[in-house]
Amino acid sequence: MSSVQPFSPQALIELALKRGVLKFGEFTLKSGRVSPYFFNAGLLNDGEALSLLASGYADKLMNCEGVSVIFGPAYKGIPFVAATASALWHQHGVNVPWGFNRKEAKDHGEGGMLVGADVKGQRVWIIDDVITAGTAIREVVDILQHAGATIAGVLVALDRQEKGQGELSAIQEVEKQLNIPVHALITMQDLMDYLKKNNRSDDLGKMQAYREKYGV
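Residues numbered from 1 in each chain as written. Predicted model: local features only at pLDDT ≥ 70, side-chain atom pairs only at ≥ 80, totals over all residues. Heavy atoms only, no water.

**Some words on the overall build of the protein**
What counts is decided by this rule: Put simply, DSSP marks the helices as runs of H or I at least four residues long and the strands as runs of E at least two long, and each gets a number from the N terminus on. This radius of gyration counts C-alpha atoms alone. The globule rule is 2.2 Å times how many residues there are, raised to the power 0.38. Relative accessible area decides the class of each residue, using a 1.4 Å probe on protein chains only: under 20% of the type maximum gives buried, over 50% gives exposed, and in between gives partly exposed. Shrake-Rupley sampling with a 1.4 Å probe provides the accessible areas, and residues are treated as covered by the protein chains on show and by no other component. None of His or the chain ends enter the tally, which takes Lys and Arg as positive and Asp and Glu as negative. Every charge is mapped onto a representative atom, which is NZ of Lys, CZ of Arg, CG of Asp or CD of Glu.
For the protein, the count of helices and strands is seven helices and eight strands. Radius of gyration (C-alpha) of the protein: 18 Å, near the 17 Å computed for a compact globule of 216 residues. Going through the 216 residues of the protein one by one, you find that 46% of them count as buried. As displayed, the protein has an accessible area near 11,100 Å², and 49% of this comes from carbon and sulfur atoms. In the protein, 22 positive and 24 negative side-chain charges are present, and the distance between their average locations comes to 2 Å.

**Some points on the pattern of salt bridges**
Short version of the rule: When a carboxyl oxygen of Asp or Glu lies within 4 Å of a side-chain nitrogen of Lys or Arg, that pair is called a salt bridge.
This model, assessed by the stated rule, comprises eight salt bridges. For the salt bridge of arginine 200 with aspartate 203, the shortest nitrogen-to-oxygen distance reads 3.0 Å. Residue arginine 200 is classed as partly exposed on the basis of its relative accessible area, which comes to 32%. Take aspartate 203: its relative accessible area is 16%, and that puts it in the buried class. In this structure, a network of salt bridges that share partners links the residues Arg19, Asp46 and Glu48.

**Description of the nonpolar core**
Cut-off, in case you're wondering: For our purposes a nonpolar core is just a set of buried Ala, Val, Leu, Ile, Met, Phe, Trp, Tyr and Cys residues, chained together by side-chain atoms within 4.5 Å. Contacts are assigned to residue pairs that have any heavy atoms within 4.5 Å of one another.
Membership of the largest hydrophobic core comes to 47 residues, with the highest contact counts inside it found for Phe39 and Ile70. Tallying contributions element by element places helix H2 (residues 47–61) first for this core, with seven residues. Filtering out sequence-adjacent residues up to four positions away, phenylalanine 39 remains in contact with Ala16, Val21, Leu22, Val130, Ala157, Leu158 and Ile186. Of all hydrophobic cores here, the second largest spans 21 residues; its members include Val140, Val141, Ala149 and Ile171.

Encoded structure:
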């Protein structure tokens, strides 16, 4: 029986490379930018990968304020938040309620958009993979606020540290507009540090050029 690997940015990067979650090369993003790397958290789709990710989220949440409820936006956020609640209990002895939203409101049974923990009057941390444009996060924040929740912050797997529509990154825009903290498990700088440490100078050079053009 294997134990959960302690979280570190390097451990997540190495596992992401092994699983094909993280790739270096040339990738055209929705924005039209040609990125030297691509990160698809949906491929963290086995027990080892999900456990490592959840361990990172749990460790980070232990240093955050106001963790009354954790919440996973549909659909990717649902397994992330469930695994994180389990990691908080097993690794830190902290029992935190969790919930998620439906894409469409249910009109029978308990009904509504929300499933799981009652968020009314609670300070809620949202857990997701990345913030690209911030649209999805804003939609979830709106749903939660209408349900009577206070948004304590957002926790994501990766911060691309690049400009959004203006001079700020998508994460910085969310922080400024919603007045909440957004934390990440790994950043573009962590990826560059990994490449430097492993003497991958060609990939590192492309990352540096990309960051000079689009970075914040």
